[in-house]
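# Structural characterization, general
Given next are the chains, with one letter for each unit.
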Amino acid sequence: ANSPGYRTAMETVYGVSADQMESQWRTYLPEWLGGRYAVNALFAYDLSPARALLEQGTYTAAKEELDRAVYLLRTTGQTDRLAEAQGLLARAEKGIAAGATTAEARKALEARNYAGTRELVAQARADYAELGDTRRAEELRLYDSRALDALLALEQLRQAEGLVRGFRYPEARDTIYEAAQTLGELGDSSGVSASQQLLAEMDTMQQRIGMALAGLGGLLLALNMLRRVRQPDPQRGWL
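Residues numbered from 1 in each chain as written. Predicted model: local features only at pLDDT ≥ 70, side-chain atom pairs only at ≥ 80, totals over all residues. Heavy atoms only, no water.

### Observations concerning unusual backbone geometry
One non-glycine residue, Arg 112, lies in positive phi territory at about 65 degrees. Structurally, Arg 112 is set in the loop between helix 5 (79–110) and helix 6 (114–131). The class for Arg 112 is partly exposed, based on a relative accessible area of 32%. (Helix = DSSP H or I, 4+ residues; strand = E, 2+ residues; numbered from the N terminus. Buried < 20%, exposed > 50% of the residue type's maximum accessible area, 1.4 Å probe, protein only.)

### Topic: the packing of helix 4 (residues 59–75) against helix 5
For the pair helix 4 and helix 5, interaxial distance at closest approach is 9 Å and the crossing angle is 155 degrees. Here helix 4 lies roughly antiparallel to helix 5, going by the angle between them. Considering only the axes of helix 4 and helix 5, their crossing is left-handed. Residue-level inspection shows Tyr 59, Thr 60, Ala 62, Lys 63, Leu 66, Asp 67, Val 70, Leu 73 and Arg 74 of helix 4 in contact with helix 5, the latter providing Arg 81, Leu 82, Ala 85, Gln 86, Leu 88, Leu 89, Arg 91, Ala 92, Glu 93, Gly 95 and Ile 96. Residues that form the contact of helix 4 with helix 5 fall into these classes: 11 nonpolar, three polar and six charged. (Axes fitted to C-alpha atoms, helices over the stretch in contact; angles between N-to-C directions. Parallel < 35°, antiparallel > 145°, perpendicular 65-115°, else oblique. Left-handed = near helix turned anticlockwise from the far one by under 90°. Contact = heavy atoms within 4.5 Å. Nonpolar A, V, L, I, M, F, W, Y, C, P; charged D, E, K, R; others polar.)

### Some remarks on the confidence of the model for the protein chain
Per-residue confidence for the protein chain gives a mean pLDDT of 84, with 81% of residues at or over 70. Helix 6 holds the highest mean pLDDT among the elements of the protein chain, 97, whereas helix 9 (residues 189–230) holds the lowest, 69. (pLDDT = per-residue confidence, 0-100.)

### Describing the pattern of salt bridges
What the rule picks out here adds up to 15 salt bridges. Notably, a salt bridge pairs Arg 26 with Glu 22, separated by 3.2 Å at the nearest N-O pair. Taken together, the residues span about one helical turn, with Arg 26 and Glu 22 both in helix 2 (residues 18–33) at a distance of four residues. Note on Arg 26: relative accessible area 52%, which makes it exposed. Overall, Glu 22 belongs to the partly exposed group, its relative accessible area being 39%. Where Glu 155 meets Arg 158, a salt bridge forms, and the shortest distance between an N and an O atom there is 3.0 Å. Of this pair, Glu 155 and Arg 158 both sit in helix 7 (residues 137–165), three residues apart, roughly one helical turn. Residue class for Glu 155 comes out partly exposed when judged on its relative accessible area of 33%. Through salt bridges with shared partners, a single network forms among Arg 51, Arg 81 and Glu 84. (Salt bridge = Lys/Arg side-chain N within 4 Å of Asp/Glu carboxyl O.)

### Remarks on the packing of helix 7 against helix 8 (residues 169–185)
In the contact formed by helix 7 and helix 8, the axes pass within 8 Å of each other and the chain directions differ by 160 degrees. As the angle between them shows, helix 7 and helix 8 are arranged roughly antiparallel. In this structure, helix 7 meets helix 8 at a crossing whose hand is left-handed. Contact with helix 7, carried on its side by Asp 149, Ala 150, Ala 153, Leu 154, Gln 156, Leu 157, Ala 160, Leu 163 and Val 164, involves Tyr 169, Glu 171, Ala 172, Thr 175, Ile 176, Glu 178, Ala 179, Thr 182 and Leu 183 of helix 8 and no other residues of that element.

Right, here's the structure in full:
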């Protein structure tokens, strides 16, 4: 920074004058043009940073690195290295797709689309298995487990509806309570509401049946009393 010009600065840094440096460069240039360029960074592109990003599961950053590599290798005609870079790029793109599918599975679970959640989890698992990446395996297992529990609980509600129609109220009530507890733990408010509604409908049906039976019992009692009144006492005759 304190040099009066670039020539003095170069001599200070490199220990040779600018004229000597140019002479050395001119001597070296034929050698470089004769083949030494092949070991230049341009013609020996280092793919190890991209591989490291793939190993870390940083697929988006790996794709950005490999997009540049593929362009450079294609424009310089390095077909062997290009094929390798394209293979790595395909892995990065599959990793990005698997991540997007995992995000979609989470959204499907939040939207109470349980069957869709399980399908998306299966797809993400297949993609990650092909990549040999197990980093998100537990997350996917959790999504799948919650979706399966919710589907089983909803099936219990459907079974409970059949039990209600069959007047098997105690069994129906237990089934509804179990399903509602599971759905509540999963945060499925609509499922809990459906459980409560089914319980209310069952209680109403039980009350109606109870009232009907009570009315029928009262009617039978009245008819029995009327029969007794109208039937003569065999010992005393008609009253």
